[in-house]
Amino acid sequence: MALPTDDSEIEETKEPRIRETPEDITFSAIVNTIAFHPARDIIAAGDVDGDIYVFSYSCEESGNQELWSSGHHLKSCRKVAFTDNGEGLFTVSKDKSVHILNVERGKLTRRIPKAHSVAINSLKLIDENLFATGDDDGLLKVWDLRKETSFMEMKNHDDYISDITIDQNKKILLTTSGDGTMCVFNIKRRRFDLQSEFQDGDLTSLAIMKGGGKVACSSSEGMIYIFNWNGFGATSDRFQVQRESIDCVVPITDNILCTASMDGVIRAVNILPNRVIGSVGQHPGESIEQIVKSREGHFLASCAHDEKVKFWDVSNLHTVIVDDYRKRKKSGKLESLSKKAFGYGPGSGFFADLAEESVEGEENSKSDDETFDA
């Protein structure tokens, strides 16, 4: 006859529930910036108080754990970025400083106290020695850690530098600005190459798409502008995604990027043909500051004015193909592309339509989410 089992033993052996995505992480202040670790399940966050937090994340229930925090910045932290080897964490701040912290211990290993004369707004790590920063006055600096100083300073923007990226060859550096332009720099030759035509509103973020053949820039007017590589002077295409500002874009595939918006919605957008595919997630009623993609491309993380970092499953987007011949169909709201996203729900959205050859068109949002080709 089997012996009775103690209830406490059953509870001890009960496995934690596995979620589709990690749980939200709640902070005590608005988080401006986040970054995924390149090799481990770790995420870093910087808030408006200048504090830096590093968490491990997991899909297990209650699996997120704070590893350490740092309060070295005197003012708001604007950007965080892990080094390629994952050993260092760069942070820039409104206090004009650049900090480098050891990821394992959270200790400050290097500090450039007056890196700029005004607040720093953007950051891009180029390789193990080089990195670029952009400030609120439109000044770009490129730094070499071996020389402990910047070797390139360019003032070609008339307003804040919102974003910085670089090509695969680590040669051509692109910046977007609140002055409505994109600038192109050759860091190998240490020169400014050209500035784009002025666009409506601020250019807020940029992403290299189509295997390096296109550059997509978001704007404060809810527009995405598309440039041909080596044709940066004028846009080759543009389309309206929504009325509200798009504050951040992140490429998911060569054709699809996600946009983070002032209306609190994260949208998946196909580039050429230009289509809003649907909603990945949302911070209801809260402006989203930044979105980032995890190292394996399975998760998207977002931070917003609700003082939360949220995680979204974007793995399905890697298999989505948007065809030219599909006609748009108008619908009442954005399609839901994940279980956590607001929309029509599983089984009736974009992915179901793709499976049916007879269905003409793909989803579009209500009027402010409808797109058009230039």
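The coordinates are above.
1. Quick notes on the overall build of the protein chain
Line of reasoning, step 1. Of the regular secondary structure elements, the protein chain holds two helices and 30 strands.
Line of reasoning, step 2. Partitioning the intrachain contacts of the protein chain with sequence separation of at least 6 by distance along the chain shows that 48% fall at a separation of at least 24.
Line of reasoning, step 3. Summing over all exposed atoms, the protein chain offers an accessible surface of approximately 16,600 Å²; the carbon and sulfur share of this is 45%.

2. Quick word on the sheet that holds strand S25 (residues 275-282)
Line of reasoning, step 1. The antiparallel open sheet is built from four strands, whose spatial order is S22-S23-S24-S25. The open sheet terminates on both sides in strands that have one partner only, identified here as strand S22 (246-251) and S25. Ignoring strand direction, the axes of neighbouring strands in this sheet form an average angle of 25 degrees.
Line of reasoning, step 2. Examined bridge by bridge, S22 and strand S23 (residues 256-261) share five bridges and lie antiparallel to one another. Opposite cysteine 248, over in S23, you have alanine 260 as the bridge partner.

3. Things to note about the pattern of salt bridges
Line of reasoning, step 1. Under the definition given, this model contains eight salt bridges.
Line of reasoning, step 2. In this structure, glutamate 61 engages arginine 17 in a salt bridge whose closest nitrogen and oxygen atoms are separated by 3.3 Å. Note that glutamate 61 is positioned in the loop between strand S4 (52-56) and strand S5 (65-70) and arginine 17 in the loop between helix H1 (7-13) and strand S1 (25-26), a separation of 44 residues in sequence.
Line of reasoning, step 3. When its relative accessible area of 48% is taken as the criterion, arginine 17 is described as partly exposed.

4. Brief notes about the pairing of strand S13 (residues 149-155)
Line of reasoning, step 1. Where strand S12 (residues 139-144) and S13 come together, six bridges link them in antiparallel fashion. Bridge pairing links aspartate 144 to threonine 149 in S13.

5. Things to note about the side chain of asparagine 32
Line of reasoning, step 1. Looking at where asparagine 32 falls in the secondary structure, it is placed in strand S2 (residues 31-36).
Line of reasoning, step 2. Within the local environment of asparagine 32, its side chain forms a polar contact with the side chain of serine 76, the two groups lying 2.6 Å apart.
Line of reasoning, step 3. Among all residues touching asparagine 32, those that are not within four sequence positions of it are Gly46, Asp47, Val48, Ser76, Cys77, Glu289, Gln290 and Cys303.

6. Side note on a positive patch on the surface
Line of reasoning, step 1. Positive charge collects at one region of the surface, where Lys75, Lys94, Lys96 and Lys114 lie side by side.
Line of reasoning, step 2. As for its placement among the helices and strands, lysine 75 is situated in the loop between S5 and strand S6 (77-82).

7. Some points on unusual backbone geometry
Line of reasoning, step 1. With an omega dihedral of 5 degrees, the bond running from leucine 272 to proline 273 counts as a cis peptide bond.
Line of reasoning, step 2. Residues other than glycine seldom take positive phi values, yet lysine 170 does so here, at roughly 60 degrees.
Line of reasoning, step 3. The residue lysine 170 is located in the loop between strand S14 (161-166) and strand S15 (172-177) in this model.
Line of reasoning, step 4. The residue glutamate 307 is not glycine, and still its phi comes out positive at about 65 degrees.
Line of reasoning, step 5. Within the secondary structure layout, glutamate 307 lies in the loop between strand S27 (299-304) and strand S28 (308-313).
Line of reasoning, step 6. Residue glutamate 307 is classed as partly exposed on the basis of its relative accessible area, which comes to 28%.

8. Points about the environment of leucine 174
Line of reasoning, step 1. If you trace the backbone, leucine 174 turns up in strand S15.
Line of reasoning, step 2. In this structure, the C-alpha to C-alpha distance between leucine 174 and phenylalanine 232, residues 58 residues apart in sequence, is 9.8 Å.
Line of reasoning, step 3. With sequence-adjacent residues up to four places away left out, leucine 174 is seen in contact with Asp163, Ile164, Thr165, Met182, Cys183, Val184, Leu206, Val215, Trp229 and Phe232.

9. Here we look at the nonpolar core
Line of reasoning, step 1. Cys258, Ile266, Ala268, Val280, Ile291, Leu300 and Leu317 are the most contacted members of the largest nonpolar core, which has 20 residues in total.
Line of reasoning, step 2. Those elements giving two or more residues to this core turn out to be S22, S23, strand S24 (265-270), S25, strand S26 (288-293) and S27.
Line of reasoning, step 3. No other element matches the three residues that S23 contributes to this core.
Line of reasoning, step 4. Core analysis: the second largest hydrophobic core is formed by 17 residues, Ile25, Ile43, Ala45 and Phe311 among them.

What counts, and at which threshold
- Residues numbered from 1 in each chain as written.
- Predicted model: local features only at pLDDT ≥ 70, side-chain atom pairs only at ≥ 80, totals over all residues.
- Heavy atoms only, no water.
- Helix = DSSP H or I, 4+ residues; strand = E, 2+ residues; numbered from the N terminus.
- Contact = heavy atoms within 4.5 Å.
- Areas by Shrake-Rupley, 256 points an atom, 1.4 Å probe, with all protein chains shown as cover.
- Pairing = 2+ DSSP bridges.
- Axes fitted to C-alpha atoms, helices over the stretch in contact; angles between N-to-C directions.
- Salt bridge = Lys/Arg side-chain N within 4 Å of Asp/Glu carboxyl O.
- Buried < 20%, exposed > 50% of the residue type's maximum accessible area, 1.4 Å probe, protein only.
- Polar contact = N/O pair within 3.5 Å; in protein donor to acceptor, adjacent residues only side chain to side chain.
- Patch = residues over 30% accessible without salt bridge, like charges linked within 9 Å, V, L, I, M, F, W, Y side chains within 5 Å.
- Lys, Arg positive; Asp, Glu negative; His and termini not counted.
- Charge placed at Lys NZ, Arg CZ, Asp CG, Glu CD.
- Core = buried A, V, L, I, M, F, W, Y, C linked by side-chain atoms within 4.5 Å.

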